[in-house]
Amino acid sequence: MNSFDNPEDQKLATLASSTLKRTGATQSAALRDSTGRTYVAIAIASPSLTLDAIQAVFTVAMASQISGIEGVVVAGVASGDTSVITTHSPAATIFHIDESGVIAALR
């Protein structure tokens, strides 16, 4: 797949990809909640806390008291565990976009 059916997912891909490039992180994620607000985060690792980008962006979004998630796009290193999103919002779409721009549905 090389494009998104939903233009809102393309916006998430742009946010995630630009955040990845800007920060030099290995992974970033952008999330759209059920009201259309977006959140972005990168993977973090410290001696006391390690979160992949999906977990980090979920944490940021939940801190804003979201009620639902419509979509998530992960850029960079693929994340194998999407359960934090699917448990909260089973209908959410989740995509991965690699460094060459290839898009894969993770759910």
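Definitions and limits used
- Residues numbered from 1 in each chain as written.
- Predicted model: local features only at pLDDT ≥ 70, side-chain atom pairs only at ≥ 80, totals over all residues.
- Heavy atoms only, no water.
- Buried < 20%, exposed > 50% of the residue type's maximum accessible area, 1.4 Å probe, protein only.
- Helix = DSSP H or I, 4+ residues; strand = E, 2+ residues; numbered from the N terminus.
- Pairing = 2+ DSSP bridges.
- Core = buried A, V, L, I, M, F, W, Y, C linked by side-chain atoms within 4.5 Å.
- Contact = heavy atoms within 4.5 Å.
- Expected span 1.5 Å × (residues − 1).
- Arc of directions from axis to C-beta.
- Phe/Tyr/Trp six-rings, centres within 6.5 Å; stacked < 30°, edge-to-face > 60°.

1. Thoughts on the pairing of strand β2 (residues 38-42)
Phase 1: Residues Tyr39 and Ala41 point to one face of β2 and are all buried, whereas Thr38, Val40 and Ile42, pointing to the other face, are not buried.
Phase 2: Counting the residues between successive antiparallel strands, the hairpin from strand β1 (residues 27-33) to β2 contains 4 residues, one of them, Gly36, with a positive phi of roughly 95 degrees.

2. With respect to the nonpolar core
As a rule of thumb, soluble globular proteins bury nonpolar side chains together.
Phase 1: Judged by nonpolar contacts, the single largest core of 18 residues is most densely connected at Ala29, Leu31, Tyr39, Val57, Ile69, Val72 and Ile85.
Phase 2: Listed by contribution, the elements that provide at least two residues to this core are β1, β2, α2 (53-63) and β5 (69-76).
Phase 3: With 6 residues, the single largest contributor to this core is α2.
Phase 4: Leu31 has contacts with Leu12, Arg37, Thr38, Tyr39, Val57, Phe58, Ala61, Ile69, Gly71, Val72 and Ile85, leaving out every residue within four places of it along the chain.
Phase 5: Residues Leu12, Ala75, Ile97 and Ile103 belong to the second largest nonpolar core, which totals 12 residues.

3. Here's the deal with helix α1 (residues 7-23)
Phase 1: With 17 residues, α1 extends 24 Å from end C-alpha to end C-alpha; this agrees with the ideal 24 Å at 1.5 Å per step.
Phase 2: Turning to α1, its buried residues are Asp9, Leu12, Ala13, Ala16, Ser17, Thr19 and Leu20. Down the axis of α1, the buried set is contained in an arc of 160 degrees. They therefore lie on one face. Residues of α1 that are exposed and angled more than 90 degrees away from the buried face: Pro7, Lys11, Lys21 and Arg22.
Phase 3: Where α1 is buried, its residues meet β1, β2, β5 and β6 (93-97).
Phase 4: One or two steps after α1, the chain reaches Gly24, where phi turns positive at roughly 75 degrees.

4. A closer look at the packing of aromatic side chains
The description of two aromatic rings rests on the distance between their centres and on the angle between their planes.
Phase 1: The tally for this structure, following the rule as stated, stands at 1 aromatic pair.
Phase 2: Considering the side-chain rings of Phe4 and Phe95, the 5.1 Å spacing of their centres and the 90 degrees angle between planes classify their relative orientation as edge-to-face. Of this pair, Phe4 sits in the segment before α1 while Phe95 sits in strand β6, placing them 91 residues apart in sequence. Accessibility classification places Phe4 together with Phe95 in one group, the buried group.

5. Description of the environment of Ala75
Phase 1: Relative to the assigned elements, Ala75 resides in strand β5.
Phase 2: The sequence separation of Ala75 and Gln27 amounts to 48 residues, and the corresponding C-alpha distance is 5.7 Å.
Phase 3: Discounting chain neighbours no more than four positions away, the residues touching Ala75 are Ala16, Ser17, Leu20, Thr26, Gln27, Ser28 and Ile97.

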